[in-house]
Every structure is written in structure tokens, then in C-alpha cells.
Amino acid sequence: MGAHRRKCDWCGSGTPIVRDMDPVNPEYQYWCEECARALIIKGDPIETYRELEGEPIYGRLLDEHCTLKRFYSFARA
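Note that the structure is a prediction, hence the values are computed from the model and not measured.

K.L.:
I keep staring at the packing of helix 1 (residues 33-42) against helix 2 (residues 57-65) and nothing clicks. Help me out?
P.N.:
Any two packed helices are characterised by the angle at which their axes cross and by the distance between the axes. Contact geometry of helix 1 with helix 2 gives a least axis separation of 10 Å together with a crossing angle of 35 degrees. Considering only the axes of helix 1 and helix 2, their crossing is right-handed. Contact with helix 1, carried on its side by Glu33, Ala36, Arg37, Ile40 and Ile41, involves Ile57, Tyr58, Leu61, Leu62 and His65 of helix 2 and no other residues of that element. In the contact of helix 1 with helix 2, the residues fall into 7 nonpolar, 1 polar and 2 charged.

K.L.:
Help me understand the pattern of salt bridges, please; the structure alone is not making it clear to me.
P.N.:
Should their charged atoms come close, side chains of opposite charge can pair. Per the counting criterion, the structure on display carries 4 salt bridges. A salt bridge links Glu33 to Arg37; the shortest N-O distance between them is 3.2 Å. Here Glu33 and its partner Arg37 are both found in helix 1, 4 residues apart, which amounts to about one turn of the helix. Using a relative accessible area of 30% as the deciding quantity, one classes Glu33 as partly exposed. Between Glu34 and Arg37 there is a salt bridge, with the nearest N and O atoms lying 2.9 Å from each other. With Glu34 and Arg37 both in helix 1 and 3 residues apart, this pair spans about one turn of that helix. One connected set of salt bridges, linked through shared partners, spans Glu33, Glu34 and Arg37.

K.L.:
For this particular structure, what's the right way to read the environment of Asp20?
P.N.:
Within the secondary structure, Asp20 sits in strand 1 (residues 16-20). For Asp20 and Trp31, which are 11 residues apart along the polypeptide, the C-alpha to C-alpha distance reads 7.9 Å. Residue contacts for Asp20: discarding those within four places in its chain leaves Tyr28, Gln29, Trp31, Ile46 and Thr48. A polar atom in the side chain of Asp20 sits 2.9 Å from the backbone nitrogen of Asp22.

K.L.:
Help me understand the environment of Gly43, please; the structure alone is not making it clear to me.
P.N.:
Residue placement: Gly43 occurs in the loop between helix 1 and strand 3 (48-51). Residue class for Gly43 comes out partly exposed when judged on its relative accessible area of 35%. When the C-alpha positions of Gly43 and His65 are compared, they lie 9.4 Å apart, and in sequence the two are 22 residues distant.

K.L.:
What should I look at first to understand the nonpolar core in this one?
P.N.:
Ranked by size, the top nonpolar core spans 16 residues in total, and within it Val18, Trp31, Ile46 and Tyr58 carry the most contacts. Mapped by element, the contributors of at least two residues to this core are strand 1, strand 2 (30-32), helix 1 and helix 2. Apart from the residues within four sequence positions on either side, Trp31 is in contact with Cys8, Trp10, Pro16, Ile17, Val18, Asp20, Ala36, Leu39 and Ile46.

Scoring rules and cut-offs
Residues numbered from 1 in each chain as written. Predicted model: local features only at pLDDT ≥ 70, side-chain atom pairs only at ≥ 80, totals over all residues. Heavy atoms only, no water. Axes fitted to C-alpha atoms, helices over the stretch in contact; angles between N-to-C directions. Helix = DSSP H or I, 4+ residues; strand = E, 2+ residues; numbered from the N terminus. Left-handed = near helix turned anticlockwise from the far one by under 90°. Contact = heavy atoms within 4.5 Å. Nonpolar A, V, L, I, M, F, W, Y, C, P; charged D, E, K, R; others polar. Salt bridge = Lys/Arg side-chain N within 4 Å of Asp/Glu carboxyl O. Buried < 20%, exposed > 50% of the residue type's maximum accessible area, 1.4 Å probe, protein only. Polar contact = N/O pair within 3.5 Å; in protein donor to acceptor, adjacent residues only side chain to side chain. Core = buried A, V, L, I, M, F, W, Y, C linked by side-chain atoms within 4.5 Å.

Set out below in C-alpha cells:
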């Protein structure tokens, strides 16, 4: 399935912007912007991730909403 056809693993409707490269549950790897934002606000951000849209959307969400000062890593292809 192409990335443009995949849906968010959590809500099942949004277009994924980020992939969790080290998921606790492998059924939840792909996250849309709204669900990814909710994870960050909840205090459970994705720590090792790959941006899917070619833009640093998830990185910007971390900058805007993350109050934790942990190390996050962008996974390279």
C-alpha cells in the first residue's frame, strides 16, 4: 500500500505525517497530524520518528507543544 493511501493507525481516517520507528505496539506506527499532536500534548510523544510528507510537520509539533526536554531523533532512510 502506498503512503498516500495509508490512513492513521489510531483514528483510521487521517493521512499520516509521521511514522513511529520504535513503537510500543506495532499496530500503531503511522500517525496523522491531529493524533500526533494529541500524543505530544498528552505527554507521550514519538521519540524515534520519520517524517512522511517531506516537511518537518512533526518536528514543528514537538517544538510548539512539547514541554519535556528529552532527546528525540529523526530516523533517516
